[in-house]
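Observations on the three-dimensional arrangement
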Amino acid sequence: MFNKILIANRGEIAVRVLRACKELGIQTVAVYSSADKNAMHVKLADESVCIGPASSLKSYLNIPAIISACEVSGADAVHPGYGFLSENFGFVEKLEAHGIKFIGPKSEHIKMMGDKILAKESANNLGLPIIPGSPGEISNTKEGLEVASTLGYPIIIKASSGGGGRGMIKVFKEEDLDESLKKASTEAEKSFNDKRVYIEKYLQNPKHIEIQVIGDEYNNIVHLGERDCSMQRRNQKLIEETPSVIIDDKKRDEICSLTINSLKTMGYCNAGTVEYLYENGNFYFMEMNTRLQVEHPVSEEIYNFDLVKEQIKIAAKYKLSTDQDTLKSNGHSIECRINAEDPDSFIPSPGIITNYHAPSGPGVRVDSNCYSGLEISPYYDSLIAKLIVYDKDRVSCIQRLKRALDEFVIDGIKTTIPFFQQIINQKDFEDGSYDINWLENYKKNN
Ligand code: ADP
């Protein structure tokens, strides 16, 4: 087992990983920017190293500074959390060159899945159902027009290196294609330093259903069922739940077996999530995230399985501690991503938390880096807490979520708590009959 793990992240996920390390009896090293010197992950770690100024480019994305922090502290492994360097295969290669273990998949798989064009092509070759679209990059309008007319409008133009819900443009009619392609490519170049774009059929009312997997270095791999992440704003997830009301046992078995078999063929190891859109009973591969995801706790709750501890053990060459027949899910779990944002406009609301009280009691888990007196800085993502509730079924889980949201006190800044209080009382949420466009439509009418 590792002696010391450096956590190359901040916020709630750094705290989440720290907790797993501590429970495994492993020493921890936090890294932080000067804006984060009072952060919870710094306070909780055994050691901490400042890696640069507030700007992420100069701190949490600064590979040489993170490698020096490993060397100075003597860390033998790095957990990247999500975001920042978690899907940067160059980082993995540099760590390996320094004899430091990366807690995550192989760099070749990170590279393959990080390029959405290549990822789709690989998924297709592995036999996964993909969203109909261009066979690869669209390099000019003529090609775009041909593909789009075969698919039929609407279509969506996506950046091959896009992420975080950015780099996508919907096109509803032929006249708009030329301009949209140029815009998509220019924006992709600016935001992701990669101008390549591709075209997909735009599915009009799908659900976002994703499959959590974890595998070891001996080609044993299991799934932890699906998560329904269809409650989205601007293609970004706000509420996630498992199981999904629209996936029955047969459908779950089918898509999970297909996913696992494909990943076995690839030789995939460590944690990952395969994301699908689901419409009219069919799954369509969208992308794969080769890392831990924000919403991993809901799967942990219903499977009673710690994904982060397992990631660490797998990286230390342990065999998977379970198998598919042993893994059994129970009950229902829902997560709300609580952001430091105005609940109506979603405009970030940085500032000092003057009073903080997290809900607790049966079936309530809060993954957060907050405390009274903490300053939420404007430099980073506005996610400040994840409220995760668990109960024996969906109806009681929603009741529990309501009571937990009512207990949550975060003063001094605006948060999205009132937004969730409103949404979970809507009939469509109660029925589970919401798709990826539900929230945008709701916002238009309310
Ligand atoms: P990112 O990596 O930025 O998260 P994804 O490819 O995972 O991008 O897509 C994010 C979201 O965008 C999806 O959950 C879905 O809401 C929407 N989306 C992506 N592709 C399509 C499509 N072909 N049709 C309809 N919606 C899509």
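An account of the accompanying structure is given in this report. (Residues numbered from 1 in each chain as written. Predicted model: local features only at pLDDT ≥ 70, side-chain atom pairs only at ≥ 80, totals over all residues. Heavy atoms only, no water.)

This part takes up unusual backbone geometry. The linkage connecting Y153 with the following residue, P154, adopts the cis geometry, with an omega of -5°. Its place among the elements puts P154 in the loop between α7 (141-151) and β6 (155-163). The amide bond that connects T242 to the next residue, P243, takes the cis arrangement and shows omega of -5°. Structurally, P243 can be placed in the loop between β11 (236-242) and α9 (249-266). In the Ramachandran plot, F84 falls in the positive-phi region, its phi being about 35° despite a non-glycine side chain. A positive phi is found at N304, a non-glycine position, where the angle reads about 50°. Take N304: its relative accessible area is 71%, and that puts it in the exposed class. (Helix = DSSP H or I, 4+ residues; strand = E, 2+ residues; numbered from the N terminus. Buried < 20%, exposed > 50% of the residue type's maximum accessible area, 1.4 Å probe, protein only.)

The local shell around the ligand holds 21 residues, among which K158, G165, H208, Q232 and E287 are the closest. Backbone polar atom of K201 to a nitrogen atom of the ligand: 2.9 Å apart, as the coordinates give it. Take Q232: an N or O atom from its side chain is 2.7 Å from an oxygen atom of the ligand. If the ligand stood free it would expose 550 Å²; the protein chains cover 95% of that surface. Only β6, β7 (166-171), β8 (197-201), β12 (270-279) and β13 (282-289) provide two or more residues apiece to the shell around the ligand. Broken down by element, the shell around the ligand gets its largest block of residues, 3 residues, from β6. A breakdown of the residues in the shell around the ligand according to their chemical character gives 8 nonpolar, 6 polar and 7 charged. Here the shell around the ligand spans two domains, since at least three of its residues come from each of domain 2 (132-201) and domain 3 (207-445). (Near = heavy atom within 4 Å. Polar contact = N/O pair within 3.5 Å; in protein donor to acceptor, adjacent residues only side chain to side chain. Areas by Shrake-Rupley, 256 points an atom, 1.4 Å probe, with all protein chains shown as cover. Nonpolar A, V, L, I, M, F, W, Y, C, P; charged D, E, K, R; others polar. Domains from an automatic or database assignment.)

Turning next to the environment of K195. Secondary-structure assignment places K195 in the loop between α8 (177-192) and β8. Judged by relative accessible area, K195 falls into the partly exposed class, the value being 47%. As a C-alpha pair, K195 and A184 span 11 residues in sequence and 8.1 Å in three-dimensional space. If we ignore the near neighbours within four places in the chain, the residues touching K195 are S185, A188 and E189. (Contact = heavy atoms within 4.5 Å.)

Further remarks concern the sheet that holds β6. Taken in spatial order, the 3 strands make up an open sheet running β7-β6-β8, and their pairing is antiparallel. Because the sheet does not close on itself, it has two edges, and the strands there are β7 and β8. The average angle at which neighbouring strand axes cross in this sheet is 25°, direction not considered. By the bridge criterion, 5 bridges tie β6 to β8 in an arrangement that is antiparallel. Directly across from K158, in β8, lies its bridge partner Y198. On top of the sheet, α7 reaches β6 and β8; it is set at about 15° to β8, its chief contact. (Pairing = 2+ DSSP bridges. Axes fitted to C-alpha atoms, helices over the stretch in contact; angles between N-to-C directions.)

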